[in-house]
Amino acid sequence: MKTQQILNGAFVVCSLALVACGGGEGPILAPPPVPVAYQDKHMPDGWWTDPKIIEEGKKIFIGEENIDVNCASCHGKDGKPVKRGARDFRVTQRMSLYSDSVWFWRVSEGVSKTKMKAWKSKLSEEDIWKVIAYEHTFSHGGQPAAHDDFKPAPTTAEASR
């Protein structure tokens, strides 16, 4: 009886540790290929690190600029998700797999089979870029950073070499 209680307790502790460490997002995988319509979308020059752009992105992200848009309600004010299934923007290894065109596509069109909505009807292209510039700071300790950390995931053929 005592052994069973210890095993049950150990299971609960391990389960909680997995959830606390971000185990809810699953393995880090490359995002799907960007649709042709989004392949030429790129962050305007200098916006990744422009404090004014990032501050404007923050206001949009937290719902201060547009009451219909509040990214923080799912992704948390600090990029740590508050809703199950929301992407954790603090995970540098995962976020470095996102090109600016992938990021723009996902925010614009939403993510199928998830709760992530399409925001292109509520945000201008400029505002989407501002939000992305702000979200990018989460994977860099809350600091603006150039997106030179983007590392395309190897293709299946490259990975098998």
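Source: prediction; values computed, not measured. (Residues numbered from 1 in each chain as written. Predicted model: local features only at pLDDT ≥ 70, side-chain atom pairs only at ≥ 80, totals over all residues. Heavy atoms only, no water.)

Chemist: Any chance you could explain the overall build of the protein here in plain terms?
Modeler: Within the protein, the regular secondary structure consists of 7 helices and 0 strands. Sequence-ordered secondary structure for the protein, helices as α and strands as β, is α-α-α-α-α-α-α. A total of 161 residues make up the protein; the buried ones form 35% of that total. A separation of at least 24 residues holds for 63% of the contacts in the protein among residues at least 6 apart in sequence. With an accessible surface of roughly 10,200 Å², the protein has 57% of that area assigned to carbon and sulfur atoms. (Helix = DSSP H or I, 4+ residues; strand = E, 2+ residues; numbered from the N terminus. Buried < 20%, exposed > 50% of the residue type's maximum accessible area, 1.4 Å probe, protein only. Contact = heavy atoms within 4.5 Å. Areas by Shrake-Rupley, 256 points an atom, 1.4 Å probe, with all protein chains shown as cover.)

Chemist: Would you mind going over the packing of aromatic side chains with me for this structure?
Modeler: Within the structure shown, the criterion is met by 9 aromatic pairs. Their ring planes at 35° and their centres at 6.5 Å tell us that Phe89 and Trp103 sit as a pair that is tilted. Of this pair, Phe89 sits in the loop between helix 3 (72-75) and helix 4 (92-95) while Trp103 sits in helix 5 (residues 100-109); the two residues are 14 residues apart in sequence, bridging distant segments of the chain. Residue classification places Phe89 among the buried positions, given a relative accessible area of 5%. On the basis of relative accessibility, which here comes to 2%, the residue Trp103 falls in the buried class. Through a chain of ring-to-ring contacts, three or more aromatic side chains come together here, namely Trp48, Phe61, Phe89, Tyr98, Trp103, Tyr134 and Phe138. (Phe/Tyr/Trp six-rings, centres within 6.5 Å; stacked < 30°, edge-to-face > 60°.)

Chemist: In this structure, what is going on with the packing of helix 5 against helix 6 (residues 125-138)? I would like to understand it.
Modeler: The packing of two helices is summarised by the inter-axis angle and the distance between the axes. Between helix 5 and helix 6, whose axes approach to 10 Å, the crossing angle comes to 115°. Considering how the two elements wind past one another, helix 5 and helix 6 form a crossing that is right-handed. On the side of helix 5, the interface is formed by Asp100, Trp103, Phe104, Val107 and Ser108, while helix 6 contributes Glu125, Ile128, Trp129, Ile132, Glu135 and His136. Of the residues in the contact of helix 5 with helix 6, the class split is 6 nonpolar, 2 polar and 3 charged. (Axes fitted to C-alpha atoms, helices over the stretch in contact; angles between N-to-C directions. Left-handed = near helix turned anticlockwise from the far one by under 90°. Nonpolar A, V, L, I, M, F, W, Y, C, P; charged D, E, K, R; others polar.)

Chemist: Is there a simple way to explain a positive patch on the surface in this structure?
Modeler: Judged by side-chain charge, Lys83, Arg84, Lys115 and Lys117 come together as a positively charged surface patch. Within the fold, Lys83 resides in the loop between helix 3 and helix 4. (Patch = residues over 30% accessible without salt bridge, like charges linked within 9 Å, V, L, I, M, F, W, Y side chains within 5 Å. Salt bridge = Lys/Arg side-chain N within 4 Å of Asp/Glu carboxyl O. Lys, Arg positive; Asp, Glu negative; His and termini not counted. Charge placed at Lys NZ, Arg CZ, Asp CG, Glu CD.)

Chemist: Where do I start with helix 5 in this structure?
Modeler: For an α-helix, 3.6 residues make a turn, and residues three or four places apart therefore share a direction. Across the 10 residues that make up helix 5, a large majority, 9, are buried. For helix 5, the set of buried residues is Asp100, Ser101, Val102, Trp103, Phe104, Trp105, Arg106, Val107 and Ser108. Contacts made by the buried residues of helix 5 are with helix 4 and helix 6. Backbone geometry just downstream of helix 5 places Gly110 in the positive-phi region, at approximately 80°.

Chemist: Explanation requested: the state of the cysteines in the structure shown.
Modeler: Joining two cysteines, a disulfide is a covalent bond between their sulfur atoms. Evaluation of the coordinates by the stated rule reveals 0 disulfides. In this structure Cys71 is not part of a disulfide, and its nearest cysteine sulfur, from Cys74, lies 8.7 Å away. We classify Cys71 as buried; its relative accessible area is 11%. Residue class for Cys74 comes out partly exposed when judged on its relative accessible area of 28%. (Disulfide = S-S within 2.5 Å.)

Everything listed here is a matter of geometry and, on its own, says nothing about what the molecule does.
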